Amino acid sequence: MTGANGLLGGEAVALLAPAHEVLAVGRGACRLPPGRHRWAEADLGDGRSVERALREFRAEAVLHAGAMTDVDACERDPEQAWRVNAGGTEQVARACRALGARLVAVSTDYVFDGEAGPYREEDVPNPRGAYARSKRVGEEAALLLAPDCAVARVAVVYSGRPGAKSTFATQIVERLSRGEPVRAFCDQLVSPTLAANAAAMTCELLLGTSYRGVLHTSGATVVDRVEFARRVAARFGLAGEIVPVRVADVQLASPRPLRSGLVVDRARALLRAQPLELAAQLDRFHAEWQARPAR
Ligand SMILES: NC(=O)c1ccc[n+]([C@@H]2O[C@H](COP(=O)([O-])OP(=O)(O)OC[C@H]3O[C@@H](n4cnc5c(N)ncnc54)[C@H](OP(=O)(O)O)[C@@H]3O)[C@@H](O)[C@H]2O)c1
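Bear in mind the structure is a predicted one, so any value in this text is a computation, not a measurement.

## Observations regarding the overall build of the protein
Alright, step 1. If you tally the helices and strands in the protein, you get 10 helices and 12 strands.
Alright, step 2. On C-alpha atoms alone, the protein measures out to a radius of gyration of 18 Å, which is about the 19 Å that the 2.2 N^0.38 rule sets for 295 residues.
Alright, step 3. Here the C-alpha coordinates of the protein stretch approximately 55 × 40 × 40 Å along the principal axes.
Alright, step 4. When each of the 295 residues of the protein is scored for burial, the buried share is 56%.
Alright, step 5. For the protein, long-range pairs separated by at least 24 residues make up 78% of all intrachain contacts whose partners lie at least 6 apart in sequence.
Alright, step 6. Carbon and sulfur atoms make up 49% of the accessible area of the protein, which totals about 13200 Å².
Alright, step 7. Charge centroids of the protein, computed over 38 positive and 35 negative side chains, lie 3 Å from each other.

## So, the sheet that holds strand 10 (residues 213-216)
Alright, step 1. Taking strand neighbours across the sheet as the criterion, the 4 strands line up as 3-4-5-10 in an open arrangement whose pairing is parallel. Two strands lie at the open edges of the sheet, namely strand 3 (61-64) and strand 10, each paired on one side alone. Ignoring strand direction, the axes of neighbouring strands in this sheet form an average angle of 20 degrees.
Alright, step 2. By the bridge criterion, 6 bridges tie strand 4 (residues 102-108) to strand 5 (residues 149-154) in an arrangement that is parallel. Bridge pairing in strand 5 places V106 opposite A152.
Alright, step 3. Each of strand 4, strand 5 and strand 10 is contacted by helix 5 (residues 130-145), which is oriented at about 160 degrees to strand 4, the strand it contacts most.

## Observations regarding the layout of surface pockets
Alright, step 1. The computed volume of the second largest pocket comes to approximately 340 Å³.
Alright, step 2. Forming the walls of the second largest pocket are 16 residues, and the residues nearest its centre are H20, E21, F57, E60 and A61.
Alright, step 3. Put simply, the parts of the chain that give the lining of the second largest pocket at least two residues each are helix 2 (49-57), strand 3 and helix 7 (195-207).
Alright, step 4. Per-class residue counts for the lining of the second largest pocket are 12 nonpolar, 1 polar and 3 charged.

## Points about the UniProt feature "domain: RmlD-like substrate binding" (unreviewed entry) in the protein
Alright, step 1. Within this numbering scheme, the UniProt entry marks residues 1-287 as carrying the feature "domain: RmlD-like substrate binding" (unreviewed entry).
Alright, step 2. Each end of residues 1-287 is marked by a C-alpha atom, and these two atoms are 25 Å apart; helix forms 39% of the span and strand 16%.

## Side note on the nonpolar core
Alright, step 1. Core analysis: the largest hydrophobic core is formed by 31 residues, its most contacted members being V25, V50, L54, V62, V92, C96 and L103.
Alright, step 2. Of all the secondary-structure elements, those providing two or more residues to this core are strand 1 (23-26), helix 2, helix 3 (71-76), helix 4 (78-99), strand 4 and helix 5.
Alright, step 3. The leading source of residues in this core is helix 4, at 6 residues.
Alright, step 4. Excluding anything up to four places from it in sequence, V50 contacts T2, V25, A42, D43, L44, Q91 and V92.

## With respect to the site of the ligand
Alright, step 1. Of all residues adjacent to the ligand, which total 26 residues, the nearest are R31, D43, T69, Y131 and K135.
Alright, step 2. For the ligand, an oxygen atom lies 2.9 Å from a polar atom in the backbone of L8.
Alright, step 3. For the ligand, whose free accessible area comes to 890 Å², the fraction covered by protein is 89%.
Alright, step 4. For the shell around the ligand, the secondary-structure elements that each account for two or more residues are helix 1 (7-16), strand 4 and helix 5.
Alright, step 5. A class-by-class count of the residues in the shell around the ligand yields 13 nonpolar, 8 polar and 5 charged.

## Details of the packing of helix 4 against helix 5
Describing two packed helices takes the angle between their axes plus the distance from one axis to the other.
Alright, step 1. Between helix 4 and helix 5, whose axes approach to 8 Å, the crossing angle comes to 15 degrees. When the axes of helix 4 and helix 5 are compared, the pair comes out roughly parallel. Considering the relative orientation of helix 4 and helix 5, their crossing is right-handed. Together, P78, A81, W82, N85, A86, T89, E90, A93, R94 and R97 of helix 4 and A130, Y131, S134, K135, V137, G138, A141, A142, L144 and L145 of helix 5 make up the contact between the two elements.
Alright, step 2. For the contact of helix 4 with helix 5, a count of residues per class yields 12 nonpolar, 4 polar and 4 charged.

## Details of the state of the cysteines
Alright, step 1. A complete count under the given rule lists 0 disulfides for this structure.
Alright, step 2. Free cysteine C30: the closest other cysteine sulfur is in C203, separated by 16 Å.

## A short note on the environment of Q80
Alright, step 1. Locating Q80 in the fold gives a position in helix 4.
Alright, step 2. For Q80, a relative accessible area of 23% translates into the label partly exposed.
Alright, step 3. Linking Q80 and M68, residues 12 residues apart in sequence, is a C-alpha distance of 8.2 Å.
Alright, step 4. Among the polar contacts listed, one links the side chain of Q80 to the side chain of R83, at a separation of 3.0 Å.

## Details of the side chain of D113
Alright, step 1. With respect to the element layout, D113 can be found in the loop between strand 4 and helix 5.
Alright, step 2. In this structure, D113 is buried with no salt-bridge partner, the nearest side chain bearing the opposite charge being R128 at 4.0 Å.
Alright, step 3. In terms of polar contacts, D113 uses its side chain to reach the side chain of N126, at 2.9 Å.
Alright, step 4. Sequence-distant contacts of D113, defined by excluding residues within four places in its chain, comprise Y119, N126, R128, P257 and L258.

Conventions and cut-offs
- Residues numbered from 1 in each chain as written.
- Predicted model: local features only at pLDDT ≥ 70, side-chain atom pairs only at ≥ 80, totals over all residues.
- Heavy atoms only, no water.
- Helix = DSSP H or I, 4+ residues; strand = E, 2+ residues; numbered from the N terminus.
- Rg over C-alpha atoms; globule rule 2.2 N^0.38 Å.
- Buried < 20%, exposed > 50% of the residue type's maximum accessible area, 1.4 Å probe, protein only.
- Contact = heavy atoms within 4.5 Å.
- Areas by Shrake-Rupley, 256 points an atom, 1.4 Å probe, with all protein chains shown as cover.
- Lys, Arg positive; Asp, Glu negative; His and termini not counted.
- Charge placed at Lys NZ, Arg CZ, Asp CG, Glu CD.
- Pairing = 2+ DSSP bridges.
- Axes fitted to C-alpha atoms, helices over the stretch in contact; angles between N-to-C directions.
- 1 Å grid on protein atoms, 1.4 Å probe; cavity = no way out; pocket = protein on both sides within 12 Å on 5 of 7 lines; lining within 4 Å.
- Points joined across faces, edges and corners; volume = space filled by probe spheres on them.
- Nonpolar A, V, L, I, M, F, W, Y, C, P; charged D, E, K, R; others polar.
- UniProt positions renumbered as here; feature names shortened; annotations may be inferred.
- Core = buried A, V, L, I, M, F, W, Y, C linked by side-chain atoms within 4.5 Å.
- Near = heavy atom within 4 Å.
- Polar contact = N/O pair within 3.5 Å; in protein donor to acceptor, adjacent residues only side chain to side chain.
- Parallel < 35°, antiparallel > 145°, perpendicular 65-115°, else oblique.
- Left-handed = near helix turned anticlockwise from the far one by under 90°.
- Disulfide = S-S within 2.5 Å.
- Salt bridge = Lys/Arg side-chain N within 4 Å of Asp/Glu carboxyl O.

Below is the structure:
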C-alpha cells in the first residue's frame with residue numbers, strides 16, 4: 001500500500017491489515033493508528049526507494065495511492081509533480097512487473113478537461129495543468145509496465161476518520177460549526193468520494209477481480225460544490241452561509257475542470273462494494289466525524 005498515510009491509503013490499510021500481510025509505504029513516520037501492518041518509509045520522488053521496498057517485501061498485490069495531490073503545488077513545482085506522480089508510479093509499476101504482482105494505480109477525474117463530463121472510462125483524457133498531466137502519464141506508466149494492472153479513478157476524496165487531513169468536506173463542517181461562511185464553486189461539477197468507499201472498491205478491484213484497464217471508482221453522485229456544501233451542512237444539521245463563487249473569479253495556480261464527474265456504471269456492474277450515492281456517503285462521513293475524539 002503506497003500513500004498509506006493518506007486519505008485513501010489509511011482506509012485501505014485498515015481494511016486489509018486484519019486479513020492480509022500489509023506493507024504500508026509512506027514518506028516520513030507512520031501516522032496510522034496501531035495495527036497489524038508493517039511500515040516502510042520511502043519516497044516516490046527519489047526514483048528507487050519505493051521500488052526497493054516493494055521488491056524486498058515480495059509484494060503480491062500493490063494498491064498505489066501515494067501521490068502529490070495538491071493541485072496548485074504541482075503547478076508551482078512541475079518537476080516534483082513529475083518525479084512523484086509520473087516517476088513514482090513508474091517505480092511502482094516496475095516493481096510489480098518484476099514481482100509478477102497485480103497493481104491497482106489510483107488516479108483522478110482531472111485527466112479530463114472538464115468540457116463535457118461526467119466521463120466514462122472510454123472517454124479520451126485531455127489533461128490540463130501539471131497535476132493532471134503527471135497523473136495521466138502515471139496511468140500510462142502503470143498500464144504499460146505492469147502486465148496485470150487496473151487504473152482506478154476517484155475524485156474529491158474526503159474522510160472523517162481521526163487524523164485524516166483537512167479537505168473541502170471537513171472545512172465545511174469546521175467553518176459552519178464556528179459560524180463562519182463557506183465559499184464554494186457554483187460552476188464546478190464533481191463526484192465527491194468518501195475515502196472509505198473508494199478504499200473498499202479499490203481493494204476489491206485489486207484482490208477480488210482480474211479486471212484490467214481503467215475503472216471509475218468515485219462516489220456515484222455528480223454535484224456542483226455549492227450543492228455538496230449544502231448537503232454536508234444539512235446532514236450535520238448546520239445552518240450558516242454558503243457563498244457561491246465562480247472558478248474564474250478565484251486566482252488559482254492550476255486550471256480546474258468545470259464539467260467533471262465520473263460515470264460509475266462499470267464499477268457498479270463489476271464490484272460488490274458499490275459506489276455510494278452522496279446521501280449514503282454523508283451518513284458514513286457523519287458517523288466517522290462523531291467517532292472522532294473530542295478536541
Ligand atoms: N484527494 C483528492 O481529492 C483526490 C482526487 C482525485 C484523485 N486522487 C488520487 O487519489 C489517490 C489517493 O490520494 P488521497 O486522496 O489519499 O490524497 P492524500 O491524502 O494526499 O494521499 C497521498 C499520499 O501520498 C503521499 N506522498 C506524497 N508525496 C510523496 C512522496 N514523494 N513519497 C511518498 N509518499 C508521498 C502523501 O504523504 P503525506 O501524508 O506525508 O503528505 C499522502 O500520504 C492519489 O492517486 C490521488 O492522486 C485524490
